[in-house]
Each structure stands twice: as C-alpha cells, then as structure tokens.
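Here is what each chain is made of, one letter per residue.
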Amino acid sequence: MSFLPKGTVYGVLLNFRAEVEALAPQMTQPPYKAPPKAPILYVKTANTWSAHGSAITVPANVAEVEVGATIAMVIGADNDVEGFVLMNDLSIPHASFFRPPVKFKCLDGFLGIGPAMRDAQEVADPAEFKLEVRINGELRQSVDFSKTVRSASQLLEDVGAFMTLAHGDVLMLGCDAGRPLARVGDTIEISAPGFETLVNTLVKEQA
C-alpha cells in the first residue's frame, strides 16, 4: 500500500533562491512592499491527495497544469523529522505567489504522493537531495536542494516559531523555479536517489 499522510500537508513558497530572484521585483510593490521574513505556507487539503500510480483528473476547462516536484518532511512524535517523501504539488498556473488561491491549488487529486517514506535515519543531509522530473520519459526539470533559502532544519525551526506541527503532519521543502507544464495524457515521473519513483498520469475529466 502506498504512503499517505496521517496529518495536514503544508506547502512552502519562495524557498528556492531562483524563485526568490525571479519574483524579487514584485516583492517591493504594494501591498507587500518588502520580501517576506517568515515562511509562506499553504495547505494541500485531503481531497488533493493522489497515491503513487493513480490517475489525476484535470478539469475540462484547464489546458495545462504546473508540476511542483518536491521532497517533504514527515513530522515525528517529538516534533522531529520521521522521514521524507516525494511529492508532486500540482496547480493551475497562476501569478499570485504570496497568497496562492485555493481554487488553483486544491483541486481534487492535485497532490501526487510518493509510494514510500524514506526514513530520516538514512538521510545525512537533506541539502544533498536532487530530484528529476520526467514527462512522458523526457527530462524536464532537475532540482538541487542545496539551493534552498532555508535548509530543512531551518525551515522546520522557523515554522515552529509561529505554529505547532503535529505527529504525522507533512511539510514540503518548496518547489524550484522553472516548473514544467503537463497536459491530459501525460505521465509524470518524479525521481530522486534513495527514493522510490513517484508516477502519476493526467486524465481528462469525464462529462
């Protein structure tokens, strides 16, 4: 049976340096006028969860979806990290990165979840994680987690400064810039050394 979360799943925005650099001019404009100082979180509700190997339905009025390949921390009983899991944080392309709209990120099935959790004891340093995204077998993105704004431990500490994460909650490490787009009929594979590959296929919404 594939891994599924037991708690709340949180996404994180602007945790890759390339993403911050690309959006830097917008951060100084109203209403924000300055870059964010704390992590920007959003929730991937339970209706979004799709197990490894399952088909993900794309609404008929959506031409493309954005692939958000990432690795997430699974929170342990002592507010430590119990393990790590691959995730595909799908969304409808949109321009708002400070307040991600629920209607674009929380559609049914819009979070592919890796087939198994990798035990944290096996991981020397999450900054060494590297993942690849393939669409229909073609390499479309490579992600290097040494290029995050906050390391995994720093992110956990900074989030813990304003909220409590419970045992079983899941906190993504963020998605890098250059997220590829996929369409109905595409098969998306997300792989990383030490992890079982996450595979999902996009299918058309039935009338």
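Up top is the structure these notes are about.
The paragraphs below set out a description of the structure included in this document. Keep in mind that what you see is a predicted model, and the values were worked out from it rather than measured.

## Some details on the packing of aromatic side chains
On inspection of all chains with the given rule, the structure shows 4 aromatic pairs. Ring geometry for phenylalanine 84 against phenylalanine 129: centres 5.2 Å apart, planes inclined by 75°, an arrangement best described as edge-to-face. Taken together, the residues phenylalanine 84 in strand S7 (residues 81-89) and phenylalanine 129 in the loop between strand S9 (118-119) and strand S10 (130-135) connect sequence positions 45 residues apart. Like phenylalanine 84, the residue phenylalanine 129 is buried in the burial classification. Given the relative accessible area of 5%, phenylalanine 129 is considered buried. Following the ring pairs from residue to residue traces out a cluster consisting of Phe16, Phe84, Phe129, Phe145 and Phe195.

## Structural notes on the sheet that holds strand S4 (residues 55-58)
Taken in spatial order, the 5 strands of this open sheet run S4-S15-S14-S10-S11, and their pairing is mixed. On the outer flanks of this sheet lie S4 and strand S11 (138-144), each paired with one strand and no other. Taken over all neighbouring pairs, the strand axes of this sheet differ in orientation by 20° on average, direction set aside. Here strand S14 (residues 187-191) runs beside strand S15 (residues 198-204); their pairing, made up of 4 bridges, is antiparallel. Looking at S15, one finds that threonine 187 is bridged to threonine 201.

## A few points about the nonpolar core
Ile71, Leu131, Leu171 and Ile188 are the most contacted members of the largest nonpolar core, which has 40 residues in total. Elements supplying a minimum of two residues to this core: strand S1 (9-13), S4, strand S6 (69-75), S7, S10, helix H3 (152-160), S14 and S15. Those residues in contact with isoleucine 188, other than ones at most four positions away along the chain, are Val67, Asn88, Leu90, Val133, Arg134, Ile135, Ala182, Leu198, Val199, Asn200 and Leu202. In terms of nonpolar packing, the next biggest core, distinct from the first, is built from 16 residues, Leu13, Leu23, Ile40 and Val170 among them.

Rules behind the numbers
- Residues numbered from 1 in each chain as written.
- Predicted model: local features only at pLDDT ≥ 70, side-chain atom pairs only at ≥ 80, totals over all residues.
- Heavy atoms only, no water.
- Phe/Tyr/Trp six-rings, centres within 6.5 Å; stacked < 30°, edge-to-face > 60°.
- Helix = DSSP H or I, 4+ residues; strand = E, 2+ residues; numbered from the N terminus.
- Buried < 20%, exposed > 50% of the residue type's maximum accessible area, 1.4 Å probe, protein only.
- Pairing = 2+ DSSP bridges.
- Axes fitted to C-alpha atoms, helices over the stretch in contact; angles between N-to-C directions.
- Core = buried A, V, L, I, M, F, W, Y, C linked by side-chain atoms within 4.5 Å.
- Contact = heavy atoms within 4.5 Å.

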